[in-house]
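Each chain, letter by letter, is given below.
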Amino acid sequence: MDNTSKHIKFFTGSLIEIQRLQLDLDDKEIPSLVKNNFESGLRSGFYGGSPSQVQLFIYQEDFDKAKPILESFKKEMGI
């Protein structure tokens, strides 16, 4: 990745779903980033976000490689 690489939102779901999807992406060496406002809010002492609205981001240039992984994940999870 270079300095112009951008993250895009790839999936939103529960922390457990996000962690499972991250494992699938890691198997294909696709880096990801998790944004969890609920957990961040709790750690800061205030409420923020929802526990079922954790966001997973990937690099924009990895989208085509990651899309089949997401489709397979959704089918397996019944989403």
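These numbers were taken from a predicted model, which means no experiment stands behind them.

S.K.: So what's going on with the environment of K65? Residues and values would help.
M.R.: Relative to the helices and strands, K65 is located in helix 3 (residues 63-77). With residues near it in sequence (within four places) discarded, K65 still touches K28, E29 and I30. Here the side chain of K65 touches K28 through a polar contact of 3.1 Å, landing on its backbone oxygen.

S.K.: I'd like to hear about the sheet that holds strand 3 (residues 54-59), residue by residue, with values.
M.R.: Spatial ordering of the open sheet is given by 1-3-2, a layout of 3 strands whose pairing is antiparallel. Either end of the sheet is taken by a strand with one partner, and the two such strands are strand 1 (7-13) and strand 2 (32-35). Here the strands of the sheet are splayed against their neighbours by 30 degrees on average, with no regard to which way each runs. Inspection of the sheet shows strand 2 paired to strand 3 by 4 bridges, in the antiparallel sense.

S.K.: Describe the pattern of salt bridges, and please don't skip the residues or the numbers.
M.R.: Evaluation of the coordinates by the stated rule reveals 2 salt bridges. Residues D24 and R20 are paired through a salt bridge, measuring 3.5 Å at the closest nitrogen-oxygen approach. Taken together, the residues D24 and R20, both in helix 1 (residues 15-27) and 4 residues apart, mark about one turn of the helix. Under the relative-accessibility criterion, R20 is labelled partly exposed at 27%. Linking E76 and R20 is a salt bridge whose minimum nitrogen-to-oxygen distance equals 3.1 Å. Of the two residues, E76 sits in helix 3 while R20 sits in helix 1, which places them 56 residues apart along the sequence.

S.K.: Which residues make up the packing of aromatic side chains, and what values do they have?
M.R.: With the rule as written, the count across this model stands at 2 aromatic pairs. Arranged with centres 6.2 Å apart and planes meeting at 85 degrees, the rings of F10 and F63 form a pair that is edge-to-face. One end of the pair, F10, is in strand 1; the other, F63, is in helix 3, and 53 residues separate them in sequence. Looking at F10, the relative accessible area reads 8%, which means it is buried. Ring centres of F11 and F73 lie 5.6 Å apart, and the angle between their planes is 90 degrees; on these two criteria the pair is classed as edge-to-face. One end of the pair, F11, is in strand 1; the other, F73, is in helix 3, with 62 residues separating them in the sequence. Looking at F11, the relative accessible area reads 7%, which means it is buried. Relative accessible area serves as the criterion here: at 1%, F73 is assigned to the buried category.

Cut-offs applied
- Residues numbered from 1 in each chain as written.
- Predicted model: local features only at pLDDT ≥ 70, side-chain atom pairs only at ≥ 80, totals over all residues.
- Heavy atoms only, no water.
- Helix = DSSP H or I, 4+ residues; strand = E, 2+ residues; numbered from the N terminus.
- Contact = heavy atoms within 4.5 Å.
- Polar contact = N/O pair within 3.5 Å; in protein donor to acceptor, adjacent residues only side chain to side chain.
- Pairing = 2+ DSSP bridges.
- Axes fitted to C-alpha atoms, helices over the stretch in contact; angles between N-to-C directions.
- Salt bridge = Lys/Arg side-chain N within 4 Å of Asp/Glu carboxyl O.
- Buried < 20%, exposed > 50% of the residue type's maximum accessible area, 1.4 Å probe, protein only.
- Phe/Tyr/Trp six-rings, centres within 6.5 Å; stacked < 30°, edge-to-face > 60°.

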